[in-house]
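# Working through the structure, step by step
In case you want the letters, here they are:
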Amino acid sequence: MPSILELVMGKSQYKIQFGGLSFGEHQFEFEVNNKFFEQFSESEITTANIKVEATLIKQNSLMHLLFNFEGVVKLSCDRCVVDYDCPISGHEKLIVKHGNPEESNDEIVVLKEGLEEIDITQYLYEYIELAIPSRRVPCEEDDNDVQCDEETLAKFNELKVEEESEKTDPKWDQLKNIKFNNN
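Now for a quick tour of the structure. Keep in mind the model is a prediction, meaning the values are calculated, not measured.

So, how was this worked out
Residues numbered from 1 in each chain as written. Predicted model: local features only at pLDDT ≥ 70, side-chain atom pairs only at ≥ 80, totals over all residues. Heavy atoms only, no water. Pairing = 2+ DSSP bridges. Helix = DSSP H or I, 4+ residues; strand = E, 2+ residues; numbered from the N terminus. Axes fitted to C-alpha atoms, helices over the stretch in contact; angles between N-to-C directions. Contact = heavy atoms within 4.5 Å. Salt bridge = Lys/Arg side-chain N within 4 Å of Asp/Glu carboxyl O. Buried < 20%, exposed > 50% of the residue type's maximum accessible area, 1.4 Å probe, protein only.

## Brief notes about the sheet that holds strand β2 (residues 24-33)
With mixed pairing, the five strands of this open sheet are ordered in space as β2-β3-β4-β5-β6. In this open sheet, the two strands that pair with only one neighbour each are β2 and β6 (108-111). Here the average twist between neighbouring strands, direction ignored, is 25°. Helix-sheet contacts for helix α3 (residues 121-131) involve β2, β3 (48-58), β4 (62-76), β5 (83-98) and β6, and the interaxial angle to β5 is about 135°.

## A few points about the pattern of salt bridges
One pass over the full model with this rule turns up seven salt bridges. For E117, the salt bridge identified is with K15, shortest N-O distance 3.2 Å. Pair noted here: E117 is in strand β7 (residues 117-119) and K15 is in strand β1 (residues 15-17), with a separation of 102 residues, a long-range link. K51 is paired through a salt bridge with E29; the nearest N and O atoms lie 4.0 Å apart. Taken together, the residues K51 in strand β3 and E29 in strand β2 connect sequence positions 22 residues apart. Judged by relative accessible area, which is 35%, K51 ranks as partly exposed. Shared partners join several salt bridges into a network, and the residues in it are E29, K51 and E53.

What follows is the structure, encoded as structure tokens:
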């Protein structure tokens, strides 16, 4: 039975058919682009160009999926919100076996007996999201040509000064005095 996502978006192109494959190593390639991220409303990525190379190592009772990916996603600077192209790359591993699907965890996917394919869409999404740097200020990087938007920074600094100059609640001032008196 197809998932709701497959009914809405059509059949997923991020499936690996392993039924009928011989034991050993098999290579797959996937392109992850803007359309891929349209499926995920919570994603901050809207523009991407990522190449994924997946290696399936099929063994007797389980399979190893090794993912190598590299590409570019468009992100916003944490400081001035200017858009820039952020290079990302990563290497991930997933173990797949048949059995009780309720036994699945982050590293091992357990498929129901008889299934001969795995949809890797969610795994690719998570791997790419985890490859995004937690701090994104490209203008601080030496090898990046991105310059912060000075107009946005000036407005930010203006708002910061206004916030600092606002009168505080007298209750907090009393607490601050207690803190300083104890030192």
